[in-house]
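So you can see what is in the structure, the chains are spelled out below.
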Amino acid sequence: MALKMRKSKVGMPVPRCAVGTCMWLLGGAWTPTLLWNLSGDARRFGELRADIPGISAKVLSGRLKDLEEKGVVIRTLMATSPPSAEYSLSVLGRELLPAINEIARIGERLKVEQESGKITIDASTAESGAD
């Protein structure tokens, strides 16, 4: 028999965690890599696929849509034949770049330490978890 759920007696809800709120934007496979690739300039879908080897069209499309809904990426329709769209970072997306740059800096240091044998990183975890 399951226990009955009791109501909380706390007057105020738990405050939202600032880190959790930011990670809500950055979470998900490939998101940091995608933002990194948009940091230079606007890119079309096919260009992003070429920039990010290993990402499937389905995942890229879903990630772009998610980031657009969250206000991190701007999708601009181009008046071309056939019609196309390009993606760029919003002001919020550009605000995230210093954090992504710092993550990349730390990642480079970890790669050097791994190559020199100072640390061991499981390659399957590093490859799938980093993106």
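Keep in mind that what you see is a predicted model, and the values were worked out from it rather than measured.

Draft legend 1. Up close: the overall build of the chain. Looking only at helices and strands, the chain features 7 helices and 3 strands. Going from N to C terminus, the chain has its helices and strands arranged as α-α-β-α-α-β-β-α-α-α. Counting all 131 residues of the chain, 21% fall into the buried class. Partitioning the contacts of the chain with sequence separation of at least 6, the portion at a separation of at least 24 is 49%. Accessible surface computed for the chain: about 9,700 Å², of which carbon and sulfur atoms make up 60%.

Draft legend 2. Region of the structure containing the nonpolar core. Counting 19 residues, the largest nonpolar core has Leu34, Leu35, Leu38, Leu48, Leu64, Val72 and Val73 as its most contacted members. At the level of elements, α1 (18-26), α2 (31-38), α4 (57-69), β3 (84-89) and α6 (97-115) are the ones that each hand at least two residues to this core. Setting aside anything within four residues of it in sequence, one finds Leu64 in contact with Leu34, Phe45, Leu48, Val73 and Tyr87.

Draft legend 3. Structural view of the pattern of salt bridges. Applying the stated criterion across every chain yields a total of 7 salt bridges. A salt bridge links Glu47 to Arg44; the shortest N-O distance between them is 3.4 Å. For Arg44, a relative accessible area of 41% gives the class partly exposed. A salt bridge links Glu108 to Lys111; its shortest N-O distance comes to 3.6 Å. With a gap of 3 residues between them, Glu108 and Lys111 both fall in helix α6, about one helical turn apart. The class for Lys111 is partly exposed, based on a relative accessible area of 42%.

Draft legend 4. Representation of the sheet that holds strand β1 (residues 43-44). If you walk across this open sheet you meet the 3 strands as β1-β3-β2, and the pairing is antiparallel. Both edges of this open sheet fall to β1 and β2 (73-78), since each of them pairs with a single strand only. Sheet analysis places β1 next to β3, joined by 2 bridges and oriented antiparallel. Note on β3: the bridge partner recorded for Arg43 is Tyr87.

Draft legend 5. A look at unusual backbone geometry. Cis geometry is adopted by the peptide bond preceding Pro82, which originates at Ser81 and carries an omega value of 0°. Secondary-structure assignment places Pro82 in the loop between β2 and β3. Located in the positive-phi region is Trp30, a residue other than glycine, with phi close to 75°. Relative to the assigned elements, Trp30 resides in the loop between α1 and α2. Judged by its relative accessible area of 18%, Trp30 falls in the buried class.

Draft legend 6. Looking closely at the pairing of β3. On β3, burial follows the alternation: Ala85, Tyr87 and Leu89 on one face are buried, whereas Ser84, Glu86 and Ser88 on the facing-out side are not. The sheet contact formed by β2 and β3 spans 6 bridges and is antiparallel. In the sheet register, Ile74 faces β3, and the bridge partner there is Ser88.

Reading guide: rules and limits
- Residues numbered from 1 in each chain as written.
- Predicted model: local features only at pLDDT ≥ 70, side-chain atom pairs only at ≥ 80, totals over all residues.
- Heavy atoms only, no water.
- Helix = DSSP H or I, 4+ residues; strand = E, 2+ residues; numbered from the N terminus.
- Buried < 20%, exposed > 50% of the residue type's maximum accessible area, 1.4 Å probe, protein only.
- Contact = heavy atoms within 4.5 Å.
- Areas by Shrake-Rupley, 256 points an atom, 1.4 Å probe, with all protein chains shown as cover.
- Core = buried A, V, L, I, M, F, W, Y, C linked by side-chain atoms within 4.5 Å.
- Salt bridge = Lys/Arg side-chain N within 4 Å of Asp/Glu carboxyl O.
- Pairing = 2+ DSSP bridges.

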